[in-house]
Amino acid sequence: MLSSDRPIASEDDDVLGFSQFADALARSLTEMAPDEGIVVSIEGAWGAGKTSALRLIERRIIIRELARESGIAVADLVEREWSAVEVEWEAFHGKRKTHLIRFNPWNFSGQENLVRAFFGEVGAAIGHSENGAISNAIKKLTAYLPSVGVVAGGASALAAGGVAAFGVGSAAGRAVGEGIQSFASKTSSLESLKRDLAVALRESAKRIIIVIDDVDRLMPSEMRSIFSLVKSLGDLPNILYVLSFDRSVVTQAMGAGVDRVDPDFLEKIIQVQVKLPPPWQAEIRDLFFQRLNSVIGDTEPNDFERWQMAFFQAVQPYIQTPRDVSRIYNAMQIIWPNVAGDVDLTDLVILTSLQLFEPGEYEKIFENIEELSGENWTFKEEKEFSSGFEPRNAKNPQAAKKALAYLFPALAKGWNEHIGDIPYLKKREHRRICTKQYYRNYFLFGRDPSRQSKADIEALLSAVDVSERLPIFLRELAQRKVGKRNPPVANFLEQVFETVHVKPLLSEETLRTFLDVSDELIQREDRVWEFFVEDNLQRLESITVHGLTPLSAAERLKRLSILQAHPRGITLASNAVIRLAGQHGLYGGEATYGDDCYMGREEAINAAEMIATRISGIAENGQLLQLIRPVRLIFIWRSIAGVKPVREWLMKEIAVDDSVLRLAQVLASTSYRTVGTTRSEVRIFNAKTFSELIDVTHFKERLSSAAQNAGSDESRRIQSEFLKAELRGSED
């Protein structure tokens, strides 16, 4: 259920410590010896919990008075279901000494209605007879009051400060009165009518406690009406008024406009001013975490230390009252079910706090999120870039700056804010707002439709039938419209990489399935252009290698055995194995620290030699040149087995016309170039790169001969494209 500033219902809900305060005030109100009327104010800032305090006061009044009337112990009544207590309270309606009225002026429009409603509530509460003394007095007073300026001309009455001033009002007040003068005796005066009611109330020996909440939320004219009403009737015996409001708000509202009132007017009305106990920060925190946990359930922050620091520096400064807590709680109830698992909890709470309490800073994030997340590159230096987001006009500049720094580490660097940082891959795994892959989740009221949920990815990878489901899912993704954004398959593989890097989800069956579909995915490429170009082979290689990270040493060796021997996916397997061996500095790789190696040196060498044997086998049976990336396999073969066997095989292939034409197509590499906003792909053949493996001059002679022998346009085109690629290579 959403909490629209919903007050607490019982002491069990009281995390702000109002119960003792409420019981003390209830005791005073019910045990006061004098029977004169009194006006008490409960004062506190908006959102400080005044309504909750009033509800507890009302509850304690009922419990104390019911205990007095029924003889039941207070402790026993406290333990009972509240609905049962209310039934017993109503059962004593005609007998009890104290009556409690919750008068809500919001429910009545117009000043005449307000007065009539007020006395109607009083009459109903004390159960007077239709023609009794109280009833007759109320009828006459109700008819009289709207005829004078006390209500319609409330400001004048308040300003005059005395009962005699009730005849002084605005012209509007007198005009209203003319229409209803007939309801009161022409010879009656306000004083005599009040005396009649006072006598009737005193003789009834009933105490009436009237609670009027949220006076500060009324319109200024309505505030004047309420205070005029209380002022004119505040000295009636046995009636106690408890008014709740924010004094600063009331003073400002009543002091504005044509009918402005002196700032000290409240002192003439309120006999007892009670300040609401301040909401201690420890209790506000407890309330916040209680409410937040009820929304997020068992979810925990991705980085608990970051959550603690961010909360105290960037969130807590904005939650000073129960209403502040309710605002965040309500927002989280709406947002969280749609994004759970697809956003970082810390980021979401910070962003929600900014949206509610610093709307100007939130708008800056919203308008510049592509630059802040790196989706659009900025070439400004860190300090220059960060200066544009300095929260100079924020309500709380220090807290807002910390909030922005925690959300966007790039801003923190420019400001020299030390908030701690983690690698970008970790940020992606946590689905942080500062990543170009996931920032949309925070603004779409749900997950970015171009990406999968974390739960869906984990379910797919861990499925028993992953070998059936994964290929089907990939084919469905491949059919989706790409538009201007990254290809769906590319996005999915990136998300798989993020997932298997931290969770042991690269099972044996999952690895076999990726090997089975790898050639099809490599052929698709799904290139993404940035400062460098990434394709599916690189994504699959990252999945295969980094998927070993969370696995035990024994499980890693099982995956290595699959890479060595699985009959399909030789291109992916070869790239993964050579990278694993490279962690030991083997085959041209850059050695890493021992703890960063996914397997032992000997295991890596054995796996690499097995891969070299497999590549040699498919080279000899004619399959190598038919693969998607044969040149990459040729160079892996050379790195492991040396130049000689590869060169000998190439010499034999060059002697065959069909093979030399195929080699002319695959030996040139693709170079990606960007000029301004224009992107292009060009084919380049660098003779120096192949100097160890082939005689380039001899190769070109054989290519010319093969093209002439074939005599087709296609063969001549292949020769022409190769010569152009060679020319570009020589120029570069």
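On a predicted model such as this, the values are computed, not experimentally measured, just so you know. (Residues numbered from 1 in each chain as written. Predicted model: local features only at pLDDT ≥ 70, side-chain atom pairs only at ≥ 80, totals over all residues. Heavy atoms only, no water.)

## Concerning the overall build of the protein chain
The criterion, for reference: Strands here mean DSSP runs of E at least two residues long; helices mean DSSP runs of H or I at least four residues long; both are numbered from the N terminus. Whether a residue is buried, partly exposed or exposed follows from its accessible area with a 1.4 Å probe, protein chains only, as a fraction of its type maximum: under 20%, in between, or over 50%, in that order. In this description, contact between two residues means that some pair of their heavy atoms is separated by no more than 4.5 Å. Note on areas: Shrake-Rupley, 1.4 Å probe, and residue coverage restricted to the protein chains presented here.
If you tally the helices and strands in the protein chain, you get 34 helices and nine strands. By the burial criterion, 51% of the 732 residues in the protein chain qualify as buried. Long-range pairs, those at least 24 residues apart, make up 72% of the contacts in the protein chain with a sequence separation of at least 6. Working note: accessible area of the protein chain is about 34100 Å², and carbon and sulfur atoms make up 50% of it.

## Here we look at the confidence of the model for the protein chain
Low-pLDDT portions of the prediction should not be read for the details of their coordinates. Applicable threshold: The quantity known as pLDDT measures the predictor's confidence residue by residue, on a range of 0 to 100.
The share of residues in the protein chain with pLDDT of 70 or more is 85%, and the mean pLDDT across the chain is 83. Contacts from residues 147-188, a stretch scored under 50 in pLDDT, to residues over four places away or in other chains number 59 contacts.

## Details of the packing of helix 16 (residues 345-357) against helix 19 (residues 397-407)
The condition that has to hold: Only the contacting stretch of a helix is used when fitting its axis, a line to C-alpha atoms as for every element, and angles between N-to-C directions run 0 to 180 degrees. Left-handed describes a crossing whose near helix is turned anticlockwise from the far helix through less than a right angle; right-handed describes the clockwise counterpart.
Relative orientation of the contacting elements helix 16 and helix 19 amounts to 145°, with a least axis distance of 10 Å. With respect to the hand of their crossing, helix 16 and helix 19 are arranged in left-handed fashion. Contacts between helix 16 and helix 19 pair Asp 347, Ile 350, Leu 351 and Leu 354 from the former with Ala 400, Ala 403, Leu 404, Tyr 406 and Leu 407 from the latter.

## Digging into a negative patch on the surface
Basically, it comes down to this: Like charges within 9 Å and nonpolar side chains (Val, Leu, Ile, Met, Phe, Trp, Tyr) within 5 Å are joined into patches, using only residues over 30% in relative accessible area that form no salt bridge. Here, a salt bridge means any Lys or Arg side-chain nitrogen found within 4 Å of an Asp or Glu carboxyl oxygen. Working convention for charge: Lys and Arg count positive, Asp and Glu count negative, and His plus the chain ends are omitted. Each charge is placed at NZ for Lys, CZ for Arg, CG for Asp and CD for Glu.
Residues Asp 12, Asp 13, Asp 76 and Glu 79 make up a contiguous surface patch of negative charge. Assignment of secondary structure puts Glu 79 in helix 3 (residues 74-79). Taking relative accessible area as the criterion, Glu 79 reaches 68% and is therefore assigned exposed.

## Points about the packing of helix 30 (residues 630-641) against helix 31 (residues 643-654)
Rule in force here: Here is the rule for angles: anything less than 35 degrees is roughly parallel, anything more than 145 is roughly antiparallel, 65 through 115 is roughly perpendicular, and the remaining ranges are oblique. Residues are grouped as follows: Ala, Val, Leu, Ile, Met, Phe, Trp, Tyr, Cys and Pro are nonpolar; Asp, Glu, Lys and Arg are charged; all remaining types, including Gly, are polar.
Between helix 30 and helix 31, the least distance of the axes is 7 Å, while the angle of their chain directions is 140°. Classed by the angle they form, the pair helix 30 and helix 31 counts as oblique. On helix 31, the residues that touch Ile 634, Trp 637, Arg 638 and Ala 641 of helix 30 are Val 643, Pro 645, Val 646 and Trp 649. When grouped by side-chain class, the residues that make up the contact of helix 30 with helix 31 number seven nonpolar, no polar and one charged.

## Some words on the sheet that holds strand 4 (residues 239-245)
Whenever strands of a sheet pair, they do so through backbone hydrogen bonds, lying parallel or antiparallel. Our working rule: Strand pairing requires that DSSP identify at least two bridges connecting the strands.
With respect to topology, five strands assemble into an open sheet ordered 2-3-4-1-5, the strand pairing being parallel. On the outer flanks of this sheet lie strand 2 (98-102) and strand 5 (272-275), each paired with one strand and no other. On average, each strand axis in the sheet is tilted by 20° relative to the strand beside it, whichever way the strands run. Here strand 1 (residues 38-43) pairs with strand 5 via four bridges, running parallel. Along strand 5, the bridge assignment pairs Val 40 with Val 272. The strands that helix 1 (residues 19-31) touches are strand 1, strand 3 (207-212), strand 4 and strand 5; relative to strand 3, the one it contacts most, it runs at about 140°.

## Focus on the nonpolar core
Put simply, the rule reads: Side-chain atoms within 4.5 Å link the members of a nonpolar core, which is a set of buried Ala, Val, Leu, Ile, Met, Phe, Trp, Tyr and Cys residues.
Among the nonpolar cores identified, the biggest contains 79 residues, and Phe 492, Phe 514, Leu 624, Phe 685, Ile 694 and Phe 699 are the most heavily contacted of them. Ignoring any residue separated from it by four or fewer positions in sequence, one finds Phe 685 in contact with Leu 667, Ala 668, Phe 690, Ile 694, Val 696, Phe 722, Ala 725, Glu 726 and Gly 729. Leu 25, Met 332, Val 343 and Leu 404 belong to the second largest nonpolar core, which has 73 residues in total.

## Here's the deal with the layout of surface pockets
Let me state the cut-off plainly: Cavity means a closed set of points on a 1 Å grid over the protein atoms alone, one where a 1.4 Å probe fits but cannot get out, pocket means an open set with protein on both sides within 12 Å along at least 5 of 7 lines, and lining means a residue has an atom within 4 Å of a point. Grid points are joined across faces, edges and corners, and a volume is the space filled by probe spheres set on the points.
Estimates place the volume of the second largest pocket at around 1200 Å³. Considering the residues around the second largest pocket, the lining is formed by 48 residues, among which Arg 629, Ala 668, Ser 669, Thr 670 and Arg 683 are closest to the centre. Contributions of two or more residues to the lining of the second largest pocket are made by strand 7 (533-534), helix 26 (536-546), helix 28 (570-582), helix 30, helix 32 (657-666), strand 8 (669-675), strand 9 (678-684) and helix 34 (713-731). With six residues, helix 30 is the single largest residue contributor to the lining of the second largest pocket. Residues that form the lining of the second largest pocket fall into these classes: 22 nonpolar, 13 polar and 13 charged.

## Some thoughts on the side chain of Ser 386
Counting through the fold element by element, Ser 386 comes out in helix 18 (residues 382-387). According to the relative accessible area criterion, Ser 386 is buried, its value standing at 0%. When residues no more than four places from it in sequence are discounted, the contact partners of Ser 386 are Ala 410, Leu 411, Gly 414 and Trp 415.

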